[in-house]
Amino acid sequence: MKKDHNLTPFYTKLKEYALSDVVSHDVPGHKLGHIPNDLMDFAGNKLYQLDANAPRGLDNLNRPSGVILEATELMADAFGAEKAYFLTGGTTMGILSMIMSTCRAKEKIILPRNVHKSAINALILSGAVPIFVKPYIDQELGIANHMDYEEVKKAIEDNPDAMGVLVINPTYFGVTSDLEKIVNLAHEYDMKVMVDEAHGSHFPFSERLPIGSMEAGADLASCSLHKTVGSLTQSSILIAQGPMVDHVRLRSTINMIQSTSPSGLLLASLDVARKSMVFQGPEKLIKVIEMADKTREQINEIPGLKALGKAYFLSRNAFDYDETKIIVKVSDLGLTGFDVYKELFDEHHIQLELAETHLILAVLSIGTTQKDLDALVVALKKLSDTYMPMELEAIVPKIKYSYPEAYTRPREAYHAPKKYMPINQAVDEIAAESIMIYPPGIPIVIPGEVISQDILDDLDFYQRSGSIILSDTESGYIKVIDKEYWMKWSEDDNE
Ligand SMILES: Cc1ncc(COP(=O)(O)O)c(C=O)c1O
């Protein structure tokens, strides 16, 4: 790092402004805290004083030239990037911006099928044609995870005209693909590499963690600093390097979807989180990894539970694993991860990040304490004490993970004439909407794909297990293409 990371240009200026007793004849209408309300009573007036919009001296996020530019330059330096953009719409916005600025309608993009829904939405908005790579399916845990290098290689070789490759670094479960090797191959084919680094913002700050996107040579990455680095929810960054990135196109795409009134609080939180991570991260991340290791050992002594670490994932051909995640297989107890997720909150006041059929996932950060981890171990021990004697039947994997066949581009399906039908009668219809399981926000079917019985079985299972199913349509129904009226738009007639 070449810059002075003690500096927090945006936060410093924002604080100065908040304390300046300015006469506010601009927005926001709360006039920096002059309309008393319940939130202010609880959180304090300072929260509102810092919620400035874009007054003189605080720069403009759409075209930074002052303190925002300085703050983004520090951010780029911390992440080993050439340029950083601050985002107030999360990595959702970063993924939209990366894909929309890389692919025009009908251009191809290679991406894993277990992408976050923002990538699917980017396909609809851009009109790009997805070339899906089937991720590694972990049958023991019942999850989709990293991409095998050979699968990506095949997709690249079969589609040399693709504009880019999107890689998740790491997956929600902390597992990575061989990013550096993918980057090298993609660049040989003149393809850009975009990285969904929503869960990997902390990677550049410890040698004990998987390689970060910029170090691996990727062109673009979006990182949710709010998830693992400590900024406020919704604040993310987009980082970039190298000659393949067209910054004019990227900036105009970001500005298309960024609010013209970005939250100063979110931007300031990025500025100060970067400083904390640069100074505290390297030491504290090692401690967190050590605490996580010890916790996994303790959990592995609890009957019926299995905490899976790096060795487990590497033995399943993963390239690397983020050891700040704690994954516990709970289904041998006869409970689903969804059951445990609920019970840990209801009975022990522990909020987990995610549940899947077979597992629960705890996400740690440099804010995690030993006490927090002890509470998890105690709660899991109680859970085992309660359920082991019941000798419930272990849950066996039921999810088929048969990724559906694509009939048409997501954008075309999104715009096609539609009808609604009961979901259980939709076999062989073409989906006109995405159906998402949340968490982890991964689409089970996307617009343009053929709905199979396997998909319906998976959906039914998730629903009965208590997962939240997100779709545009009222529960029990699905929006499909109305083939009768579709008139088969010719590919040439619409973008
Ligand atoms: C893999 C993945 N990518 C992208 C996102 C979107 O990130 P954000 O919540 O910052 O918009 C998420 C959110 O959970 C995610 O899990």
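What counts as what
- Each chain has its residues counted from 1, running along the sequence as written.
- This being a predicted model, a pLDDT of at least 70 is required before a residue's local features are given, and a value of 80 or more before pairs of side-chain atoms are given or counted; all residues contribute to the totals for chains, interfaces and linings.
- Side-chain descriptors were evaluated using all non-hydrogen atoms of the structure, hydrogens and water having been removed beforehand.
- Note on pairing: DSSP must find at least two bridges between two strands before they are called paired.
- Only DSSP runs of H or I reaching four residues or more are called helices, and only runs of E reaching two or more are called strands; each is numbered from the N terminus.
- Residue contacts are defined here by distance: any two heavy atoms, one from each residue, within 4.5 Å place the two residues in contact.
- Under this scheme, a helix contributes an axis fitted over its contacting stretch, all axes are lines through C-alpha atoms, and angles between N-to-C directions fall in the 0 to 180 degree range.
- Residues are labelled near a given molecule or strand when at least one of their non-hydrogen atoms is within 4 Å of it.
- Pairing of N or O atoms within 3.5 Å defines a polar contact, subject to two protein rules: one partner must be a possible hydrogen donor and the other a possible acceptor, and residues neighboring in sequence count only if both atoms are side-chain atoms.
- Surface exposure here means Shrake-Rupley accessible area, sampled with a 1.4 Å probe, where a residue is shielded only by the protein chains that are shown.
- In this count, Pro and Cys sit with the nonpolar residues alongside Ala, Val, Leu, Ile, Met, Phe, Trp and Tyr, while Asp, Glu, Lys and Arg are called charged and the others, Gly among them, polar.
- The start and end points of each domain follow an automatic or database-based domain assignment.
- A cavity here means a set of points on a 1 Å grid, drawn over the protein atoms and nothing else, where a 1.4 Å probe fits but cannot get out; a pocket is an open set with protein on both sides within 12 Å along at least five of seven lines, and a residue lines either one if it has an atom within 4 Å of a point.
- Grid points are joined across faces, edges and corners, and a volume is the space filled by probe spheres set on the points.

Participant: Mind showing me how you'd approach the sheet that holds strand E14 (residues 354–355) here?
Facilitator: Neighbouring strands of a sheet are bound in pairs by backbone hydrogen bonds; such pairs are parallel or else antiparallel. Read across the sheet, 4 strands follow the order E11-E13-E15-E14 without closing on themselves; strand pairing throughout is antiparallel. Edge positions in the sheet fall to strand E11 (306–308) and E14, since each has one partner strand and no second. Where E11 and strand E13 (residues 325–329) come together, 3 bridges link them in antiparallel fashion. Opposite Leu308, over in E13, you have Ile327 as the bridge partner. Across the sheet, helix H11 (residues 264–300) touches E11 and E13, and the angle it forms with E13 is around 10°. On the sheet, helix H13 (residues 337–348) packs against E14 and strand E15 (359–363) and is oriented at approximately 50° with respect to E15.

Participant: What's the story with the site of the ligand in this structure? I'm lost.
Facilitator: Inspection of the region around the ligand gives 13 residues, with Thr92, Asp196, His199, Ser224 and His226 positioned closest. In this structure, Asp196 approaches the ligand through a side-chain N or O atom, which is 2.6 Å from a nitrogen atom. Here His226 contributes a side-chain N or O atom positioned 2.7 Å from an oxygen atom of the ligand. Across the complex, the protein chains shield 88% of the 380 Å² of accessible surface that the ligand would expose by itself. Counting residues per element, the shell around the ligand draws most heavily on helix H5 (residues 90–100), which supplies 4 residues. The residue makeup of the shell around the ligand, split by class, is 3 nonpolar, 8 polar and 2 charged.

Participant: I would appreciate a short explanation of the sheet that holds strand E2 (residues 108–112) in the present structure.
Facilitator: An order of E1-E10-E9-E8-E6-E2-E3 is seen for the 7 strands of this open sheet, with the pairing classed as mixed. Looking at which strands have only one partner, the edges of the open sheet turn out to be strand E1 (83–87) and strand E3 (129–133). Looking at each pair of strands side by side, their axes are set apart by 20° on average, direction ignored. Pairing of strand E8 (residues 192–197) with strand E9 (residues 220–223) involves 4 bridges; the strand directions are parallel. In the strand pairing of E9, Met194 is matched with Leu220. Across the sheet, helix H6 (residues 117–126) touches E2, E3 and strand E6 (164–168), and the angle it forms with E3 is around 150°.

Participant: Please clarify how the side chain of Thr176 should be interpreted in this entry.
Facilitator: Along the chain, Thr176 turns up in strand E7 (residues 175–176). Apart from residues lying up to four places away in sequence, Thr176 is in contact with His146, Asn169, Pro170, Phe203, Pro210, Ala318, Phe319 and Asp320.

Participant: Which parts of the structure should I look at to understand unusual backbone geometry?
Facilitator: Leave glycine aside and you will find that most residues have negative phi; peptide bonds, for their part, are mostly trans. Omega for the bond connecting Val27 with Pro28 falls within 30 degrees of zero, at 5°, which places this linkage in the cis form. Following the sequence through the fold, Pro28 ends up in the loop between helix H1 (9–18) and helix H2 (38–43). Put simply, Asn169 and Pro170 share a cis peptide bond, and its omega is 5°. Topologically, Pro170 is positioned in the loop between E6 and E7. Positive phi is not limited to glycine here, since Asp190 has a value of about 60°. Its place among the elements puts Asp190 in the loop between helix H8 (179–188) and E8. A positive phi angle, close to 50°, is found at Glu391, a residue other than glycine.

Participant: Before we go on, may I ask you to explain the domain arrangement of the protein chain in this structure?
Facilitator: How big an interface is tends to be stated in terms of the accessible area lost upon association of its parts. The domain boundaries assigned to the protein chain delineate domain 1 (281–390) and domain 2 (410–486). Relative placement of domain 1 and domain 2: their C-alpha centres are 32 Å apart.

Participant: Would you take a moment to explain the layout of surface pockets for this structure?
Facilitator: If a probe as big as a water molecule is rolled over the atoms, it shows which places are left empty. Estimated volume of the second largest pocket: approximately 420 Å³. The wall of the second largest pocket is formed by 16 residues, among which Gln351, Ala362, Val363, Leu364 and Thr368 lie closest to the centre. Among the secondary structure elements, those contributing two or more residues to the lining of the second largest pocket are helix H9 (225–228), E15 and helix H14 (370–387). No other element matches the 4 residues that H14 contributes to the lining of the second largest pocket. Split into classes, the residues belonging to the lining of the second largest pocket amount to 8 nonpolar, 5 polar and 3 charged.

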